[in-house]
Amino acid sequence: MPELAPYAVHPGRSRGRRFPEPAPETRNEFQRDRDRIIHSTAFRRLEYKTQVFVNHEGDHFRTRLTHSLEVAQIGRSVARNLGLNEDLVEAIALAHDLGHTPFGHAGQDALNECMRANGGFEHNLQSLRVVDVLEQRYAAFDGLNLTFETREGILKHCSATKARELGDVGERFLRGARPSLEAQLTNLADEIAYNNHDVDDGLRSGLLTLEALDTVPLFGRHRTAVSAAYPALAGRRLVHETVRRMINALVSDLTARSRQNITASAPASVEAVRQAQPLVAFSPEIAEQQQALKAFLRAHLYRHHQVNRMMSKARRIVRELFAAFSSDPRLLPADFQSRVEQEGLRAVADYIAGMTDRYAIREHRRLFSIDEV
Ligand code: MG
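Source: prediction; values computed, not measured.

**Overview of the coordination of the magnesium ion**
Only His67 (NE2), His96 (NE2) and Asp190 (OD) from the protein reach the magnesium ion as donors, at distances of 2.1 to 2.4 Å. All donors of the magnesium ion belong to a single chain; written as a sequence motif, their spacing is H-x28-H-x93-D. Taken as a pair, His67 in helix α3 (residues 64-82) and His96 in the loop between α4 (86-95) and α5 (104-114) lie far apart in primary sequence, 29 residues in all. Taking relative accessible area as the criterion, His96 reaches 4% and is therefore assigned buried.

As structure tokens, then:
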């Protein structure tokens, strides 16, 4: 591994785990976090959870699993160039979406609505809950017992009330402090990944057209350059070449601008990073162009009527599952029944949030169709 900068998180200086453990022998603390995440049940479920396109709509669309791998890839290459800790970035990236419900944001919104009187539901907090509590595979503790730094990176945002409940990782929201540069970076790598793969998946599905996307400067600029260099190029290959150039341009801009910010602020330690303004950032021009792309995707893809139809079904499935389980917990598997006795509706929310898209669809059918068992 290349040498870590003084402002990077050093594995030897971790703030540690909630349950102290002997130092790992063959890897560092953040590599151990990453390995625990990869071996978790929630991680395997990411393969069958989606955001825009439901899993059965096609084999080539991104899933939460491939999305998380893309975030890790983008994050690690920027980290390497900035002297940041690649292992920590990788661990945060692979864990950041573990708390997502089935059917992406539609599922989350429905579950949040169902849980309104009981503390609500938020996927980001749920990701932390998965690694802190819900994964049960170690004899000595609940959860994966990850380091403070990985947990801090997973918790991107948080209300003041929740921050007080959460203790150590909530603290920075009350103090108005920043997380590590590795956490800041993973957050923006997430943005680069989904903006680009949603363009790609949107075109593949036919819900977006090249003509419409050409009006978005970030895309149009690269598409025009590709067509000028390769006039005969068309179809998927034209899309791939354009998207690859977009990702490259965003990664280069993020690296250059962040390096400039870091040089100007010259933080001597992670503590200095926490007190500084956010240092991992796009240039203002590119940030603005990313916003324009996001606005385009919202209007033309996320709110496309075909997507709306699927999401409306998704919300209905989640609402009806919640209504059935909360009015009669005896419909739940035995272990969740006893959890409802102890934790009330939070256990119902955990059960539904843990479902993959296809499991939720099947479970809904099993509960509501008389022909299914
Ligand atoms: Mg994400």
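Let us keep going from here.
**Concerning the environment of Leu188**
Within the element layout of this structure, Leu188 appears in helix α10 (residues 181-205). With relative accessibility at 13%, the residue Leu188 sits in the buried group. Sequence separation of Leu188 and Val280 is 92 residues, and the distance between their C-alpha atoms is 8.1 Å. Among residues more than four places away in sequence, those in contact with Leu188 are Leu254, Val280, Ala281 and Phe282.

**Focus on the pattern of salt bridges**
A full pass over the atoms with the stated rule returns 35 salt bridges. Asp35 is the salt-bridge partner of Arg27, the closest N and O atoms lying 2.9 Å from each other. We classify Arg27 as partly exposed; its relative accessible area is 33%. Notably, a salt bridge pairs Arg62 with Asp201, separated by 3.0 Å at the nearest N-O pair. Remark: Asp201 occurs in helix α10 and Arg62 occurs in the loop between α2 (41-45) and α3; sequence separation between them is 139 residues. Among the ionic contacts, a cluster of salt bridges with common partners joins Arg27, Arg34, Asp35, Arg76, Arg80, Glu86 and Glu90.

**Topic: the packing of α10 against helix α13 (residues 235-265)**
For the pair α10 and α13, the least separation of the axes is 10 Å and the interaxial angle reads 165°. It follows that α10 is roughly antiparallel to α13 by the angle criterion. Read as a crossing pair, α10 and α13 show a hand that is right-handed. The residues of α13 that touch α10, namely those facing Leu181, Leu185, Leu188, Ile192, Asn196, Val199, Asp200, Leu203 and Arg204, are Arg236, Val239, His240, Val243, Met246, Ile247, Leu250, Val251, Leu254 and Ile262. In the contact of α10 with α13, the residues fall into 14 nonpolar, two polar and three charged.

**So, empty space enclosed by the protein**
Where empty space is left becomes clear once a probe the size of a water molecule has been rolled over the atoms. Tallying each qualifying case throughout the model produces four cavities of 30 Å³ or more. Volume-wise, the largest cavity comes out at about 100 Å³. Forming the walls of the largest cavity are Thr50, Gln51, Val52, Phe53, Phe61, Arg62, Thr63, Arg64, His67, His197, Asp198 and Asp201. Of all the secondary structure elements, the ones that give two or more residues to the lining of the largest cavity are α3 and α10. No other element matches the three residues that α10 contributes to the lining of the largest cavity. Of the residues assigned to the lining of the largest cavity, the class counts are three nonpolar, five polar and four charged. Space inside the second largest cavity adds up to approximately 50 Å³.

**A few points about unusual backbone geometry**
Of note, the phi angle at Phe103 is positive, near 60°, even though the residue is not glycine. Of note, Phe103 is situated in the loop between α4 and α5. Accessibility expressed as a relative area gives 2% for Phe103, which makes it buried. Phi is positive for Ala266, which is not a glycine, with a value near 40°. Here Ala266 lies in the loop between α13 and α14 (270-275).

**Overview of the nonpolar core**
By size, the foremost hydrophobic cluster in this structure holds 93 residues, and its most contacted members are Ile37, Leu98, Leu213 and Ile352. Two domains share this core, each providing at least three of its residues, namely domain 1 (11-308) and domain 2 (312-368). Apart from the residues within four sequence positions on either side, Ile37 is in contact with Phe43, Ala91, Leu94, Ala95, Leu98, Leu144, Leu146 and Thr150. By size, the runner-up hydrophobic cluster in this structure holds six residues, among which are Val9, Leu88, Ile92 and Val270.

**Looking at the domain arrangement of the protein**
In terms of domains, the protein is made up of domain 1 (11-308) and domain 2 (312-368). Taken over C-alpha atoms, the centre of domain 1 sits 27 Å from the centre of domain 2. Counting residues at the interface gives 25 residues for domain 1, matched by 22 residues for domain 2. Linking domain 1 with domain 2 are two salt bridges, by the criterion used here. The shortest N-O distance in the salt bridge between Arg129 and Glu343 comes to 3.2 Å. Summed over the shared surface of domain 1 and domain 2, the result is 12 residue pairs in polar contact (both at pLDDT 80 or more). In terms of residues, the side of domain 1 that touches domain 2 owes the most to one element, α5, which gives five residues. Looking at the side of domain 1 that touches domain 2 residue by residue, the classes come out as 11 nonpolar, 11 polar and three charged.

**A few points about helix α16 (residues 305-327)**
Here α16 contains 23 residues, and its C-alpha end-to-end distance of 33 Å stays within 8% of the 33 Å for a straight helix at 1.5 Å per residue. Looking at the buried side of α16, the elements it contacts are α5, α15 (284-302), α18 (345-354) and α19 (357-368).

About the thresholds
Residues numbered from 1 in each chain as written. Predicted model: local features only at pLDDT ≥ 70, side-chain atom pairs only at ≥ 80, totals over all residues. Heavy atoms only, no water. Donors = N, O, S within 2.8 Å, 3.2 Å for Na, K, Ca; no water. Helix = DSSP H or I, 4+ residues; strand = E, 2+ residues; numbered from the N terminus. Buried < 20%, exposed > 50% of the residue type's maximum accessible area, 1.4 Å probe, protein only. Contact = heavy atoms within 4.5 Å. Salt bridge = Lys/Arg side-chain N within 4 Å of Asp/Glu carboxyl O. Axes fitted to C-alpha atoms, helices over the stretch in contact; angles between N-to-C directions. Parallel < 35°, antiparallel > 145°, perpendicular 65-115°, else oblique. Left-handed = near helix turned anticlockwise from the far one by under 90°. Nonpolar A, V, L, I, M, F, W, Y, C, P; charged D, E, K, R; others polar. 1 Å grid on protein atoms, 1.4 Å probe; cavity = no way out; pocket = protein on both sides within 12 Å on 5 of 7 lines; lining within 4 Å. Points joined across faces, edges and corners; volume = space filled by probe spheres on them. Core = buried A, V, L, I, M, F, W, Y, C linked by side-chain atoms within 4.5 Å. Domains from an automatic or database assignment. Polar contact = N/O pair within 3.5 Å; in protein donor to acceptor, adjacent residues only side chain to side chain. Expected span 1.5 Å × (residues − 1).

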